[in-house]
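The residues making up each chain are set out below.
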Amino acid sequence: MALVSEILTKLTLSYGGEREPKCPTVVAAYNFNPEEDAAKIETAIKTKGVDEHTIIDILTKRSCAQRSEIAFEYEKRAKKDLVSALKGALSGSLEHLILGLMKSTAQYDASELKSSMKGLGTDEESLIEIVCSRNKEELMEIKKVYKEMFKKDLEKDVSGDTSGDFAKLLLALVQTKRDEPSNVVDYEKIDNDARALYDAGVKRKGTDVTTWISIFCERSVPHLQKVFERYKRYSPYDIKESIRKEVKGDLEKSFLTLVECLENKHLYFASRLSDAMKSKSVKEKVVTRIIVSRCEVDLMKVRTEFKRNFGKSLQQTILEHTKGDYQRALLNLCGGDD
Ligand SMILES: [Ca+2]
């Protein structure tokens, strides 16, 4: 089984460019009946005190396409918009989670980006998480959807809300200039890039951030993985140690996040989830964002890395650190134990 999926992964990678195989925990329901779901949700919303369980158990166990069919049927029968009705019926973390599910993955990412930048100040942590972890294909879709939703360019908002080298790095990522993976391994270019990273950073006084940004943001993922390996030939510090020595603050966090995602994106999400759940008061915003945004993409792989690296399964950790209806929704999206 493992071998078959490995072969499939390789086939997908060599034929599909950056398109990665999907490993969702939330999939389309069989025997799906949108009219029936819409009727049940209408009753649940009207129930005194709101029947959250019914709303959760329907909406967390349908695919995004099915949820939008339910919304359509709901509007037909209730003569009002499902999203507004849910806003009125739910509150707090559960409301945020369910409203997130009512958007497509790209719409959700776009609105999370928007809210990380709106108002005074910026939620740099969320901005870094989203911009540095999404692949080229996802970022292209997010940009398209962002423009549709907010009538503004994501590039403009990002550069208006950040400054200096941090802004340059985020902008370079949002511009999606990353090469597609090539079938031919270019050892000379790998060596040149490894040396260029060293010359621009550890070797010299100060840091030539522009060179770092162009290599980090324009080379393909498999190429960069080999560059970081080769880098150790030149530098006494590995790439992560070098980043910590050379740059500080949000720029440092961004480069580190990029390296983590380039090396193993699923492990990156798993460790963010683990940190968010184990912090003194659970960072529900982060937990919700990762689970909602990845449940129809690759949450199954995130679960595997979670169990492998943190001893307990994601499900077990959700059970220990969250509670109530919010917990019920997370458990459904998580989709099982490991
Ligand atoms: Ca230096």
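Structural data are supplied above this passage.
About the criteria used
Residues numbered from 1 in each chain as written. Predicted model: local features only at pLDDT ≥ 70, side-chain atom pairs only at ≥ 80, totals over all residues. Heavy atoms only, no water. Phe/Tyr/Trp six-rings, centres within 6.5 Å; stacked < 30°, edge-to-face > 60°. Helix = DSSP H or I, 4+ residues; strand = E, 2+ residues; numbered from the N terminus. Buried < 20%, exposed > 50% of the residue type's maximum accessible area, 1.4 Å probe, protein only. Contact = heavy atoms within 4.5 Å. Donors = N, O, S within 2.8 Å, 3.2 Å for Na, K, Ca; no water. 1 Å grid on protein atoms, 1.4 Å probe; cavity = no way out; pocket = protein on both sides within 12 Å on 5 of 7 lines; lining within 4 Å. Points joined across faces, edges and corners; volume = space filled by probe spheres on them. Nonpolar A, V, L, I, M, F, W, Y, C, P; charged D, E, K, R; others polar. Axes fitted to C-alpha atoms, helices over the stretch in contact; angles between N-to-C directions. Parallel < 35°, antiparallel > 145°, perpendicular 65-115°, else oblique. Left-handed = near helix turned anticlockwise from the far one by under 90°.

1. So, the packing of aromatic side chains
Aromatic rings considered in pairs are described by the distance between their centres and by the relative angle of their planes. Enumeration according to the criterion identifies seven aromatic pairs in this entry. A centroid spacing of 5.6 Å and a plane angle of 40° characterise the contact between F216 and F228, whose relative ring orientation is tilted. Placement of the pair is F216 in helix α13 (residues 209-218) and F228 in helix α14 (residues 221-231), with a sequence separation of 12 residues. Here F216 falls in the buried class, since its relative accessible area comes to 0%.

2. Side note on helix α6 (residues 92-101)
Considered for burial, the residues of α6 that qualify are L94, L97, I98, L99, G100 and L101. Those residues of α6 that are buried lie in contact with α3 (52-59), α4 (64-78), α5 (82-89), α7 (105-117), α17 (284-294) and α20 (324-334).

3. Quick word on the coordination of the calcium ion
Within the protein, G201 (O), R204 (O), G206 (O), E246 (OE) and E246 (OE) serve as the donor atoms for the calcium ion, at 2.4 to 2.5 Å. By relative accessible area, G206 is classed as partly exposed at 43%.

4. Considerations on the layout of surface pockets
Counted as a void, the second largest pocket has a volume near 400 Å³. In this structure, the second largest pocket is lined by 19 residues; those nearest its centre are K22, T105, E137, E138 and V297. Mapped by element, the contributors of at least two residues to the lining of the second largest pocket are α7 and α9 (136-150). Classifying every residue of the lining of the second largest pocket gives four nonpolar, four polar and 11 charged.

5. Quick word on the packing of helix α10 (residues 154-161) against helix α11 (residues 164-174)
Remark: α10 packs on α11, axes separated minimally by 9 Å, with the N-to-C direction vectors making an angle of 170°. Compared by their axis directions, α10 and α11 come out roughly antiparallel. In this structure, α10 contributes L154, E155, V158 and S159 to the contact, and α11 contributes L170, L171 and V174.

6. Here we look at the packing of helix α12 (residues 187-200) against α14
Close contact between α12 and α14 brings their axes to 8 Å; oriented N to C, the two are set at 60°. Relative to α14, α12 is oriented oblique. The handedness of the crossing between α12 and α14 is right-handed. Between α12, through K189, I190, D191, D193, A194, L197 and Y198, and α14, the contact on the second element is made entirely by H223, K226, V227, F228, R230 and Y231.

7. Focus on empty space enclosed by the protein
Inspection of every chain in the model, using the stated rule, returns one cavity of 30 Å³ or more. Looking at the largest cavity, the residues that line it are R67, G100, L101, K103, S104, T105, Y108, V292, C295 and E296. Of all the secondary structure elements, the ones that give two or more residues to the lining of the largest cavity are α6 and α7. Residues that form the lining of the largest cavity fall into these classes: four nonpolar, three polar and three charged.

8. With respect to the side chain of D298
As for its position among the elements, D298 is in the loop between α17 and α18 (299-310). Under the relative-accessibility criterion, D298 is labelled buried at 2%. Beyond its immediate chain neighbours, meaning those up to four positions away, D298 contacts C23, K265, H266 and F269.

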